[in-house]
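Descriptive structure summary
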Amino acid sequence: MTTAVTDALWPLPITELARRIAARELSSADLVGASLDRIARLDGALNSFVHLSSAALDAARAADAEIARSGPRGPLHGIPIAIKDNYTTADMPTRAGTAVEALTFPAADSHAVARLRAAGAVILGKLRMHEFAWGMVTPPTRNPWDLDRVPGGSSGGSGAAVAARLCPAALGSDTGGSIRIPAALCGVVGLKPTYGRVGRSGIVPHSWSLDHAGPLTLTVADSALMLQALAGPDAGDPAASAAPVPDYTAGLDRPIRGLRVAVIRNHFFDAVDEDVAAAIEGALRFLAGQGCTVRDVAVPSLRHGLGAIYAIELASSTAYHDRSLAQGHVAGFAADVRDLVEMGRLVTGPDYLRAEQVRALIMDEMAAVLAEADVIVGPASPLTAWRTDESAVSLGGRAESVLAASWRLTYPFNLTGLPAIALPCGFDRRGLPISLQIAGRPFAEAEILRVAHQYERAHDWWRRVPPLVG
(Lines give C-alpha, C1' and ligand atoms only; values in the text may rest on other atoms or scores of the structure.)
Protein backbone atom coordinates (compact mmCIF):
# COMPACT_ATOMS: atom_id res chain seq x y z
CA MET A 1 0.00 0.00 0.00
CA THR A 2 1.58 3.27 -1.12
CA THR A 3 1.32 6.46 0.90
CA ALA A 4 -0.28 8.12 -2.15
CA VAL A 5 -3.15 5.61 -2.15
CA THR A 6 -3.55 5.92 1.60
CA ASP A 7 -3.64 9.71 1.51
CA ALA A 8 -6.18 9.69 -1.33
CA LEU A 9 -8.62 7.55 0.67
CA TRP A 10 -8.50 8.82 4.24
CA PRO A 11 -10.61 12.00 3.78
CA LEU A 12 -13.58 10.12 2.29
CA PRO A 13 -16.81 9.25 4.15
CA ILE A 14 -18.52 5.87 3.85
CA THR A 15 -21.03 7.20 1.33
CA GLU A 16 -18.24 7.94 -1.17
CA LEU A 17 -16.18 4.85 -0.33
CA ALA A 18 -19.24 2.65 -0.84
CA ARG A 19 -19.95 4.27 -4.22
CA ARG A 20 -16.39 3.58 -5.37
CA ILE A 21 -16.46 -0.01 -4.14
CA ALA A 22 -19.80 -0.66 -5.88
CA ALA A 23 -18.43 0.86 -9.11
CA ARG A 24 -15.29 -1.31 -8.80
CA GLU A 25 -13.15 1.83 -8.68
CA LEU A 26 -11.84 0.83 -5.26
CA SER A 27 -11.18 -2.51 -3.64
CA SER A 28 -11.89 -3.32 -0.03
CA ALA A 29 -8.37 -4.73 0.22
CA ASP A 30 -6.88 -1.36 -0.77
CA LEU A 31 -9.18 0.47 1.64
CA VAL A 32 -8.36 -1.82 4.56
CA GLY A 33 -4.69 -1.63 3.66
CA ALA A 34 -4.91 2.16 3.71
CA SER A 35 -6.45 2.07 7.20
CA LEU A 36 -3.77 -0.30 8.48
CA ASP A 37 -1.07 1.91 6.97
CA ARG A 38 -2.45 5.02 8.68
CA ILE A 39 -2.75 3.17 11.99
CA ALA A 40 0.91 2.12 11.70
CA ARG A 41 1.97 5.70 10.97
CA LEU A 42 -0.23 7.68 13.36
CA ASP A 43 -1.56 5.57 16.19
CA GLY A 44 1.70 5.51 18.08
CA ALA A 45 0.88 9.09 19.08
CA LEU A 46 -2.86 8.50 19.64
CA ASN A 47 -3.03 5.05 21.29
CA SER A 48 -6.58 4.54 20.02
CA PHE A 49 -6.33 0.85 19.08
CA VAL A 50 -5.82 -1.90 21.62
CA HIS A 51 -5.94 -4.78 19.12
CA LEU A 52 -5.80 -5.15 15.33
CA SER A 53 -7.50 -8.04 13.57
CA SER A 54 -5.11 -10.42 11.84
CA ALA A 55 -8.01 -11.44 9.59
CA ALA A 56 -8.94 -7.98 8.30
CA LEU A 57 -7.10 -8.18 4.98
CA ASP A 58 -8.38 -11.71 4.29
CA ALA A 59 -11.91 -10.52 5.05
CA ALA A 60 -11.40 -7.59 2.67
CA ARG A 61 -10.22 -9.89 -0.12
CA ALA A 62 -13.23 -12.14 0.47
CA ALA A 63 -15.48 -9.07 0.25
CA ASP A 64 -13.85 -8.09 -3.05
CA ALA A 65 -14.41 -11.58 -4.45
CA GLU A 66 -18.07 -11.60 -3.41
CA ILE A 67 -18.66 -8.11 -4.82
CA ALA A 68 -17.06 -9.18 -8.13
CA ARG A 69 -19.39 -12.20 -8.28
CA SER A 70 -22.72 -10.72 -7.22
CA GLY A 71 -22.32 -7.06 -6.30
CA PRO A 72 -22.25 -5.51 -2.82
CA ARG A 73 -24.66 -6.61 -0.10
CA GLY A 74 -25.14 -2.95 0.79
CA PRO A 75 -23.19 0.25 1.46
CA LEU A 76 -21.10 -1.24 4.30
CA HIS A 77 -19.79 -4.15 2.23
CA GLY A 78 -16.00 -4.00 2.32
CA ILE A 79 -15.89 -0.97 4.65
CA PRO A 80 -13.43 -1.26 7.58
CA ILE A 81 -15.05 -0.56 10.94
CA ALA A 82 -13.41 -0.60 14.37
CA ILE A 83 -15.11 -1.78 17.57
CA LYS A 84 -15.05 -0.47 21.12
CA ASP A 85 -13.42 -3.05 23.38
CA ASN A 86 -16.58 -3.81 25.38
CA TYR A 87 -18.23 -5.47 22.36
CA THR A 88 -17.31 -9.16 22.35
CA THR A 89 -15.82 -10.59 19.17
CA ALA A 90 -15.22 -14.17 18.04
CA ASP A 91 -11.80 -13.53 16.52
CA MET A 92 -10.28 -10.98 18.90
CA PRO A 93 -9.93 -10.74 22.68
CA THR A 94 -12.29 -8.51 24.66
CA ARG A 95 -10.95 -6.73 27.74
CA ALA A 96 -13.49 -3.90 28.36
CA GLY A 97 -10.53 -1.70 29.19
CA THR A 98 -9.46 -3.69 32.24
CA ALA A 99 -6.04 -5.13 33.04
CA VAL A 100 -7.46 -7.71 35.50
CA GLU A 101 -6.50 -10.99 33.83
CA ALA A 102 -8.81 -13.09 35.98
CA LEU A 103 -11.82 -11.47 34.30
CA THR A 104 -12.68 -13.04 30.95
CA PHE A 105 -15.37 -12.42 28.37
CA PRO A 106 -16.99 -14.68 25.75
CA ALA A 107 -15.17 -15.28 22.47
CA ALA A 108 -18.29 -14.75 20.39
CA ASP A 109 -19.58 -11.90 18.26
CA SER A 110 -21.86 -9.47 20.02
CA HIS A 111 -25.18 -8.79 18.32
CA ALA A 112 -24.01 -5.49 16.82
CA VAL A 113 -20.75 -6.96 15.50
CA ALA A 114 -22.65 -9.87 13.96
CA ARG A 115 -24.99 -7.43 12.21
CA LEU A 116 -22.03 -5.49 10.81
CA ARG A 117 -20.43 -8.67 9.52
CA ALA A 118 -23.76 -9.67 7.95
CA ALA A 119 -23.78 -6.30 6.17
CA GLY A 120 -20.35 -7.14 4.75
CA ALA A 121 -18.28 -4.79 6.92
CA VAL A 122 -14.66 -5.69 7.65
CA ILE A 123 -13.91 -5.61 11.37
CA LEU A 124 -10.59 -3.81 11.64
CA GLY A 125 -9.77 -4.07 15.34
CA LYS A 126 -10.69 -3.14 18.90
CA LEU A 127 -10.51 0.37 20.32
CA ARG A 128 -9.44 1.62 23.73
CA MET A 129 -12.03 2.65 26.27
CA HIS A 130 -12.13 3.93 29.82
CA GLU A 131 -12.20 0.83 32.04
CA PHE A 132 -15.65 -0.82 32.14
CA ALA A 133 -17.13 2.26 30.40
CA TRP A 134 -16.62 4.49 33.43
CA GLY A 135 -14.82 7.82 33.11
CA MET A 136 -14.30 10.57 30.56
CA VAL A 137 -10.56 10.34 29.87
CA THR A 138 -9.74 6.97 28.19
CA PRO A 139 -6.06 6.76 29.16
CA PRO A 140 -3.65 6.60 27.40
CA THR A 141 -5.56 7.69 24.27
CA ARG A 142 -4.99 11.29 23.16
CA ASN A 143 -7.06 13.76 21.19
CA PRO A 144 -5.82 14.17 17.58
CA TRP A 145 -6.60 17.91 17.68
CA ASP A 146 -4.12 18.38 20.54
CA LEU A 147 -2.11 15.48 21.94
CA ASP A 148 -2.02 17.18 25.35
CA ARG A 149 -5.81 16.87 25.61
CA VAL A 150 -8.22 14.04 26.30
CA PRO A 151 -10.41 12.43 23.62
CA GLY A 152 -13.33 12.06 26.02
CA GLY A 153 -14.79 8.83 27.29
CA SER A 154 -15.64 6.21 27.68
CA SER A 155 -15.48 5.59 23.89
CA GLY A 156 -12.35 7.72 23.58
CA GLY A 157 -10.55 5.32 21.28
CA SER A 158 -13.53 5.37 18.92
CA GLY A 159 -13.67 9.16 18.79
CA ALA A 160 -9.93 9.57 18.30
CA ALA A 161 -9.65 6.87 15.61
CA VAL A 162 -12.49 8.25 13.49
CA ALA A 163 -11.29 11.87 13.89
CA ALA A 164 -7.78 10.84 12.81
CA ARG A 165 -9.28 9.01 9.82
CA LEU A 166 -7.76 5.71 10.93
CA CYS A 167 -11.12 4.11 10.11
CA PRO A 168 -14.28 5.50 8.49
CA ALA A 169 -16.50 4.47 11.41
CA ALA A 170 -16.46 2.88 14.85
CA LEU A 171 -18.84 1.48 17.41
CA GLY A 172 -19.21 3.05 20.84
CA SER A 173 -21.48 2.61 23.84
CA ASP A 174 -23.30 5.38 25.67
CA THR A 175 -24.53 5.22 29.29
CA GLY A 176 -24.32 8.91 30.18
CA GLY A 177 -22.83 10.31 26.98
CA SER A 178 -19.97 7.98 26.09
CA ILE A 179 -20.63 8.11 22.33
CA ARG A 180 -21.53 11.79 22.11
CA ILE A 181 -18.81 13.14 24.42
CA PRO A 182 -15.87 11.67 22.44
CA ALA A 183 -17.65 12.70 19.23
CA ALA A 184 -17.95 16.25 20.58
CA LEU A 185 -14.37 16.54 21.83
CA CYS A 186 -12.86 14.91 18.73
CA GLY A 187 -15.02 16.67 16.14
CA VAL A 188 -16.95 13.75 14.63
CA VAL A 189 -20.56 12.57 14.56
CA GLY A 190 -21.85 10.40 17.41
CA LEU A 191 -25.34 8.87 17.40
CA LYS A 192 -27.07 7.47 20.48
CA PRO A 193 -30.23 5.79 19.19
CA THR A 194 -33.43 5.35 21.18
CA TYR A 195 -33.10 2.94 24.10
CA GLY A 196 -33.69 -0.52 22.62
CA ARG A 197 -33.24 0.49 18.98
CA VAL A 198 -29.88 -1.33 18.75
CA GLY A 199 -29.49 -4.65 20.55
CA ARG A 200 -26.84 -4.83 23.28
CA SER A 201 -26.31 -8.57 23.76
CA GLY A 202 -22.61 -9.30 23.86
CA ILE A 203 -21.70 -5.83 25.15
CA VAL A 204 -20.13 -5.91 28.62
CA PRO A 205 -22.84 -4.21 30.74
CA HIS A 206 -22.40 -0.99 32.62
CA SER A 207 -25.97 0.00 33.54
CA TRP A 208 -28.77 -2.09 32.05
CA SER A 209 -31.38 0.67 31.92
CA LEU A 210 -29.01 3.38 30.66
CA ASP A 211 -26.71 1.57 28.19
CA HIS A 212 -27.09 2.32 24.47
CA ALA A 213 -25.08 1.10 21.46
CA GLY A 214 -24.34 3.24 18.42
CA PRO A 215 -21.86 4.54 15.84
CA LEU A 216 -19.26 7.28 15.53
CA THR A 217 -18.68 8.48 11.96
CA LEU A 218 -17.35 11.36 9.88
CA THR A 219 -20.74 12.46 8.56
CA VAL A 220 -24.41 12.29 9.46
CA ALA A 221 -25.22 10.25 6.33
CA ASP A 222 -22.61 7.70 7.43
CA SER A 223 -24.33 7.44 10.83
CA ALA A 224 -27.60 6.78 9.03
CA LEU A 225 -25.97 3.94 7.06
CA MET A 226 -24.50 2.46 10.22
CA LEU A 227 -27.82 2.64 12.08
CA GLN A 228 -29.54 0.95 9.13
CA ALA A 229 -27.28 -2.06 9.62
CA LEU A 230 -27.41 -2.07 13.42
CA ALA A 231 -31.11 -1.45 14.17
CA GLY A 232 -33.57 -4.27 14.75
CA PRO A 233 -34.56 -7.02 17.17
CA ASP A 234 -32.03 -8.79 19.38
CA ALA A 235 -33.19 -12.04 20.95
CA GLY A 236 -30.42 -11.76 23.54
CA ASP A 237 -31.45 -8.31 24.79
CA PRO A 238 -34.83 -8.18 26.58
CA ALA A 239 -34.92 -4.39 26.13
CA ALA A 240 -34.40 -4.52 22.37
CA SER A 241 -37.32 -3.22 20.35
CA ALA A 242 -39.06 -5.07 17.56
CA ALA A 243 -40.44 -1.82 16.14
CA PRO A 244 -40.12 -1.60 12.33
CA VAL A 245 -36.83 -0.16 11.06
CA PRO A 246 -37.38 2.67 8.56
CA ASP A 247 -35.02 3.71 5.78
CA TYR A 248 -32.82 6.20 7.63
CA THR A 249 -31.26 7.64 4.48
CA ALA A 250 -34.46 8.20 2.49
CA GLY A 251 -35.42 11.57 3.98
CA LEU A 252 -32.03 13.11 4.70
CA ASP A 253 -32.31 15.67 1.90
CA ARG A 254 -35.87 16.75 2.66
CA PRO A 255 -36.12 20.43 3.68
CA ILE A 256 -36.64 21.20 7.37
CA ARG A 257 -38.88 24.23 6.85
CA GLY A 258 -41.73 24.20 9.33
CA LEU A 259 -40.04 21.97 11.89
CA ARG A 260 -40.46 23.02 15.50
CA VAL A 261 -37.22 23.33 17.48
CA ALA A 262 -37.20 23.40 21.28
CA VAL A 263 -34.26 24.97 23.13
CA ILE A 264 -34.09 23.92 26.80
CA ARG A 265 -32.61 27.09 28.30
CA ASN A 266 -32.38 25.82 31.87
CA HIS A 267 -29.68 23.22 32.52
CA PHE A 268 -28.34 23.12 28.93
CA PHE A 269 -27.22 26.77 28.94
CA ASP A 270 -26.64 27.37 32.67
CA ALA A 271 -22.84 27.10 32.58
CA VAL A 272 -21.34 26.87 29.10
CA ASP A 273 -18.02 28.08 27.66
CA GLU A 274 -18.57 31.33 25.77
CA ASP A 275 -17.15 29.99 22.49
CA VAL A 276 -19.46 26.98 22.74
CA ALA A 277 -22.46 29.21 23.49
CA ALA A 278 -21.69 31.44 20.50
CA ALA A 279 -21.42 28.45 18.14
CA ILE A 280 -24.72 27.00 19.36
CA GLU A 281 -26.52 30.32 18.96
CA GLY A 282 -25.16 30.44 15.41
CA ALA A 283 -26.58 26.99 14.72
CA LEU A 284 -29.97 28.04 16.11
CA ARG A 285 -29.96 31.09 13.82
CA PHE A 286 -29.23 28.80 10.88
CA LEU A 287 -32.20 26.58 11.74
CA ALA A 288 -34.44 29.62 12.04
CA GLY A 289 -33.16 30.79 8.67
CA GLN A 290 -34.15 27.46 7.17
CA GLY A 291 -37.74 28.08 8.21
CA CYS A 292 -37.76 26.25 11.54
CA THR A 293 -39.69 27.66 14.47
CA VAL A 294 -37.25 28.02 17.38
CA ARG A 295 -38.76 28.31 20.88
CA ASP A 296 -37.21 28.42 24.36
CA VAL A 297 -38.61 25.94 26.89
CA ALA A 298 -37.80 24.63 30.38
CA VAL A 299 -37.49 21.15 31.92
CA PRO A 300 -37.53 21.98 35.66
CA SER A 301 -36.79 18.49 37.02
CA LEU A 302 -33.40 18.43 35.31
CA ARG A 303 -32.04 20.16 38.41
CA HIS A 304 -32.32 16.76 40.11
CA GLY A 305 -31.05 14.76 37.13
CA LEU A 306 -27.38 14.39 38.06
CA GLY A 307 -28.21 12.82 41.43
CA ALA A 308 -30.71 10.50 39.76
CA ILE A 309 -28.40 9.16 37.08
CA TYR A 310 -25.52 8.80 39.55
CA ALA A 311 -27.64 6.65 41.87
CA ILE A 312 -28.92 4.47 39.02
CA GLU A 313 -25.55 4.11 37.32
CA LEU A 314 -23.58 3.49 40.50
CA ALA A 315 -26.01 0.85 41.76
CA SER A 316 -26.27 -0.89 38.39
CA SER A 317 -22.54 -0.98 37.78
CA THR A 318 -21.85 -2.29 41.28
CA ALA A 319 -24.49 -5.00 40.80
CA TYR A 320 -22.68 -6.16 37.66
CA HIS A 321 -19.32 -6.10 39.42
CA ASP A 322 -20.61 -7.71 42.62
CA ARG A 323 -18.69 -10.94 42.03
CA SER A 324 -15.50 -8.98 41.35
CA LEU A 325 -16.02 -7.15 44.62
CA ALA A 326 -16.56 -10.41 46.50
CA GLN A 327 -13.52 -12.06 44.93
CA GLY A 328 -11.22 -9.08 45.33
CA HIS A 329 -10.74 -8.45 41.61
CA VAL A 330 -11.83 -4.85 42.00
CA ALA A 331 -8.49 -4.16 43.71
CA GLY A 332 -6.93 -4.41 40.25
CA PHE A 333 -9.21 -1.78 38.72
CA ALA A 334 -7.92 1.70 37.96
CA ALA A 335 -8.28 3.90 41.05
CA ASP A 336 -11.08 6.07 39.66
CA VAL A 337 -13.13 3.07 38.53
CA ARG A 338 -12.50 1.16 41.76
CA ASP A 339 -13.81 4.08 43.79
CA LEU A 340 -16.98 4.35 41.70
CA VAL A 341 -17.70 0.62 41.81
CA GLU A 342 -17.26 0.55 45.60
CA MET A 343 -19.40 3.69 46.00
CA GLY A 344 -22.33 1.86 44.41
CA ARG A 345 -22.76 -0.16 47.59
CA LEU A 346 -23.66 3.07 49.38
CA VAL A 347 -26.76 3.59 47.22
CA THR A 348 -29.73 2.41 49.29
CA GLY A 349 -33.01 0.97 48.07
CA PRO A 350 -34.86 4.22 48.84
CA ASP A 351 -32.13 6.18 47.04
CA TYR A 352 -32.59 4.06 43.93
CA LEU A 353 -36.38 4.37 44.10
CA ARG A 354 -36.19 8.16 44.38
CA ALA A 355 -33.80 8.25 41.45
CA GLU A 356 -36.26 6.29 39.32
CA GLN A 357 -39.04 8.65 40.39
CA VAL A 358 -36.94 11.63 39.25
CA ARG A 359 -36.29 9.82 35.98
CA ALA A 360 -40.05 9.44 35.48
CA LEU A 361 -40.59 13.16 36.13
CA ILE A 362 -37.91 14.13 33.61
CA MET A 363 -39.37 11.72 31.05
CA ASP A 364 -42.81 13.28 31.50
CA GLU A 365 -41.44 16.81 31.14
CA MET A 366 -39.41 15.88 28.04
CA ALA A 367 -42.49 14.23 26.53
CA ALA A 368 -44.43 17.44 27.12
CA VAL A 369 -41.71 19.42 25.32
CA LEU A 370 -41.75 17.01 22.38
CA ALA A 371 -45.53 17.14 22.17
CA GLU A 372 -45.06 20.77 21.07
CA ALA A 373 -41.75 20.38 19.21
CA ASP A 374 -40.17 18.03 16.70
CA VAL A 375 -36.59 18.18 17.99
CA ILE A 376 -34.58 19.54 20.93
CA VAL A 377 -31.39 21.40 20.02
CA GLY A 378 -28.51 22.57 22.20
CA PRO A 379 -24.82 21.97 22.97
CA ALA A 380 -23.48 18.43 23.25
CA SER A 381 -20.77 19.51 25.69
CA PRO A 382 -20.41 22.72 27.72
CA LEU A 383 -16.67 22.73 27.07
CA THR A 384 -14.12 21.62 24.51
CA ALA A 385 -11.41 19.03 25.15
CA TRP A 386 -9.53 19.66 28.38
CA ARG A 387 -5.87 18.97 29.12
CA THR A 388 -4.88 15.57 30.42
CA ASP A 389 -3.64 17.17 33.66
CA GLU A 390 -6.92 19.01 34.37
CA SER A 391 -9.46 17.59 36.82
CA ALA A 392 -11.63 20.70 37.18
CA VAL A 393 -12.72 23.62 35.02
CA SER A 394 -14.42 26.97 35.55
CA LEU A 395 -17.68 27.44 33.66
CA GLY A 396 -20.15 30.24 34.24
CA GLY A 397 -18.01 31.53 37.09
CA ARG A 398 -18.08 28.29 39.08
CA ALA A 399 -15.60 25.47 39.48
CA GLU A 400 -16.78 22.07 38.31
CA SER A 401 -15.10 18.68 37.92
CA VAL A 402 -14.50 17.71 34.31
CA LEU A 403 -16.47 14.51 34.95
CA ALA A 404 -19.58 16.41 36.03
CA ALA A 405 -19.20 19.06 33.34
CA SER A 406 -18.55 16.74 30.42
CA TRP A 407 -21.66 14.58 30.76
CA ARG A 408 -24.01 17.24 32.14
CA LEU A 409 -25.61 17.87 28.74
CA THR A 410 -25.68 14.29 27.47
CA TYR A 411 -27.01 12.23 30.38
CA PRO A 412 -30.59 13.62 30.20
CA PHE A 413 -31.09 11.61 27.02
CA ASN A 414 -29.83 8.44 28.70
CA LEU A 415 -32.25 8.89 31.59
CA THR A 416 -35.10 9.38 29.11
CA GLY A 417 -33.88 6.93 26.45
CA LEU A 418 -34.49 9.54 23.73
CA PRO A 419 -32.38 9.46 20.55
CA ALA A 420 -29.66 12.12 20.32
CA ILE A 421 -26.90 12.96 17.88
CA ALA A 422 -23.77 15.09 18.34
CA LEU A 423 -22.11 16.72 15.32
CA PRO A 424 -19.46 19.41 14.74
CA CYS A 425 -20.67 23.02 14.69
CA GLY A 426 -17.48 25.07 14.93
CA PHE A 427 -14.18 25.50 16.75
CA ASP A 428 -13.14 27.47 19.81
CA ARG A 429 -10.36 30.08 19.88
CA ARG A 430 -7.78 27.30 20.45
CA GLY A 431 -8.91 25.40 17.38
CA LEU A 432 -10.75 22.67 19.32
CA PRO A 433 -14.06 21.23 18.03
CA ILE A 434 -17.45 22.40 19.33
CA SER A 435 -20.48 20.12 19.03
CA LEU A 436 -24.21 20.55 18.46
CA GLN A 437 -26.68 18.06 19.98
CA ILE A 438 -30.07 17.25 18.44
CA ALA A 439 -32.56 14.98 20.23
CA GLY A 440 -36.03 13.80 19.33
CA ARG A 441 -38.98 11.60 20.14
CA PRO A 442 -38.60 7.85 20.75
CA PHE A 443 -37.63 6.04 17.53
CA ALA A 444 -37.52 9.33 15.61
CA GLU A 445 -33.90 8.84 14.56
CA ALA A 446 -34.83 9.70 10.97
CA GLU A 447 -35.97 13.14 12.09
CA ILE A 448 -32.87 14.05 14.07
CA LEU A 449 -30.67 12.68 11.29
CA ARG A 450 -32.48 14.89 8.77
CA VAL A 451 -32.02 18.05 10.84
CA ALA A 452 -28.37 17.17 11.51
CA HIS A 453 -27.73 16.43 7.83
CA GLN A 454 -29.28 19.71 6.72
CA TYR A 455 -27.06 21.61 9.13
CA GLU A 456 -23.97 19.61 8.19
CA ARG A 457 -24.26 20.03 4.42
CA ALA A 458 -24.50 23.82 4.81
CA HIS A 459 -21.21 23.89 6.75
CA ASP A 460 -17.76 22.40 6.21
CA TRP A 461 -16.88 21.53 9.79
CA TRP A 462 -16.60 17.77 9.19
CA ARG A 463 -14.08 18.30 6.38
CA ARG A 464 -11.58 19.98 8.68
CA VAL A 465 -8.90 17.64 9.93
CA PRO A 466 -6.75 17.58 13.07
CA PRO A 467 -3.12 18.72 12.81
CA LEU A 468 -1.97 15.16 13.44
CA VAL A 469 -3.86 14.07 10.31
CA GLY A 470 -3.22 16.83 7.81
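Each chain carries its own residue numbering, running from 1 in the direction its sequence is written. In keeping with the model being predicted, local features are shown solely for residues with a pLDDT of at least 70 and side-chain atom pairs are shown and tallied solely at 80 or more, while totals for entire chains, interfaces and linings include all residues. With hydrogens and water stripped out, all remaining heavy atoms of the structure feed into the side-chain values.

Comments concerning the overall build of the chain
Across its full length, the chain holds 17 helices and 13 strands. Compactness check: the chain gives a C-alpha radius of gyration of 21 Å against a globular reference of 23 Å for 470 residues, within 12% of the reference. Taken over the C-alpha atoms alone, the chain extends approximately 60 × 60 × 45 Å along its principal axes. Only protein chains enter the accessibility calculation, which uses a 1.4 Å probe; a residue is then buried when its area is under 20% of its type maximum, exposed when over 50%, and partly exposed in between. Within the chain, the fraction of its 470 residues that count as buried is 61%. Contacts are assigned to residue pairs with any non-hydrogen atoms lying within 4.5 Å of each other. Pairs at least 24 apart in sequence give 77% of the contacts found in the chain among residues at least 6 apart. The method behind every accessible area is Shrake-Rupley, applied with a 1.4 Å probe, and residues are considered shielded solely by the protein chains displayed. Total accessible area computed for the chain in this model is approximately 16600 Å², and 54% of it derives from carbon and sulfur atoms. Distance from the positive charge centre (43 side chains) to the negative charge centre (48 side chains) of the chain: 3 Å. Secondary structure elements are taken from DSSP: a helix is a run of H or I of four residues or more, a strand is a run of E of two residues or more, and numbering for both begins at the N terminus. Radius of gyration means the value over C-alpha atoms here, while the globule rule gives 2.2 Å times the residue count to the 0.38 power. Charged-residue counts in this description rest on Lys and Arg as positive and Asp and Glu as negative, His and the chain ends being excluded. The atoms used to mark charge sites are NZ of Lys, CZ of Arg, CG of Asp and CD of Glu.

Side note on the side chain of D275
By secondary structure assignment, the location of D275 is in helix α10 (residues 274-289). Engagement of the side chain of D275 in a polar contact is seen with the side chain of R429, the distance being 2.6 Å. Excluding anything up to four places from it in sequence, D275 contacts D428, R429 and I434. Any pair of nitrogen or oxygen atoms within 3.5 Å is treated as a polar contact; in protein, a donor-acceptor pairing is required on top of that, and neighbouring residues in sequence qualify only through side-chain atoms on both sides.

Here we look at the packing of aromatic side chains
Ring geometry is summarised as follows: Phe, Tyr and Trp rings, the Trp one being its six-membered ring, pair when their centres sit within 6.5 Å, and such pairs are stacked at plane angles under 30 degrees, edge-to-face over 60 and tilted between the two. Applying the stated criterion to the full structure yields 9 aromatic pairs. Taken together, the aromatic side chains of F105, F132 and F333 make up a single cluster linked through ring pairs. As a reminder, the over-ring test applies to NZ of lysine and CZ of arginine, requiring each to be within 6 Å of the ring centre and within 35 degrees of the ring normal. The ring of F269 carries R265 above its face, with NZ or CZ at 4.4 Å from the centroid.

Quick notes on helix α2 (residues 14-22)
Along an α-helix, residues three or four apart share an orientation, since each turn contains 3.6 residues. Restricting attention to buried positions, one finds in α2 the residues I14, L17, A18 and I21. For α2, the arc enclosing every buried residue in end-on projection is 100°, short of the 170-degree limit, so these residues lie on one face. At the exit of α2 stands R24, carrying a positive phi of roughly 65°. Directions drawn from the helix axis to the C-beta atoms are what define this arc.

Quick word on the sheet that holds strand β7 (residues 260-264)
Pairing between the strands of a sheet is mediated by backbone hydrogen bonds and can be parallel or antiparallel. At least two bridges found by DSSP between two strands is the condition for calling them paired. Here 11 strands make up an open sheet; going across it, the order is β1-β3-β2-β4-β6-β5-β12-β13-β9-β7-β8 and the pairing mixed. Edge positions in the sheet fall to β1 (49-52) and β8 (293-297), since each of these pairs with one other strand and no more. When strand polarity is set aside, the average angle formed by the axes of neighbouring strands in this sheet is 30°. Relative to strand β6 (residues 212-217), strand β4 (residues 169-174) runs antiparallel, the two sharing 6 bridges. Considered in β6, the bridge of A169 is made with T217. Here an angle of 0 to 180 degrees is reported between the N-to-C directions of two axes, which are lines fitted to C-alpha atoms, with helices fitted over the stretch in contact. On top of the sheet, helix α8 (residues 220-230) reaches β2 (80-84), β4, β5 (189-192), β6 and β12 (420-427); it is set at about 145° to β6, its chief contact. This element, helix α17 (residues 445-457), spans β5, β9 (375-379), β12 and β13 (433-440) of the sheet and lies at about 10° to β12.

Quick word on the state of the cysteines
As used in these notes, a disulfide is a covalent bond between sulfur atoms, one from each of two cysteines. Any two cysteine sulfur atoms within 2.5 Å of one another count as a disulfide. All chains considered together, the criterion is met by 0 disulfides. Considering cysteine sulfurs only, C167 is the nearest to C186, which forms no disulfide, with 12 Å between them. Overall, the relative accessible area of 1% leaves C186 in the buried class.

Here's the deal with the environment of L191
Topologically, L191 is positioned in strand β5. Residues within four places of L191 in sequence aside, it is in contact with I179, G214, P215, S223, L227, A420, I421, I448 and L449.

Details of the UniProt feature "domain: Amidase" (unreviewed entry) in the chain
Using the residue numbers shown here, the UniProt feature "domain: Amidase" (unreviewed entry) corresponds to residues 30-449. For residues 30-449, the end-to-end C-alpha separation is 30 Å, with 37% helix and 17% strand making up the annotated structure. UniProt positions are given in the numbering used here, feature names are shortened, and annotations may be inferred rather than shown by experiment.

A short note on the pattern of salt bridges
Salt bridges are defined by distance alone: a side-chain nitrogen of Lys or Arg within 4 Å of a carboxyl oxygen of Asp or Glu. A complete count under the given rule lists 28 salt bridges for this structure. D37 serves as the salt-bridge partner of R41, at 3.1 Å between the closest nitrogen and oxygen. With R41 and D37 both in helix α3 (residues 28-46), this residue pair falls 4 residues apart, about one helical turn. On the basis of relative accessible area, R41 is assigned to the partly exposed category, the value being 40%.

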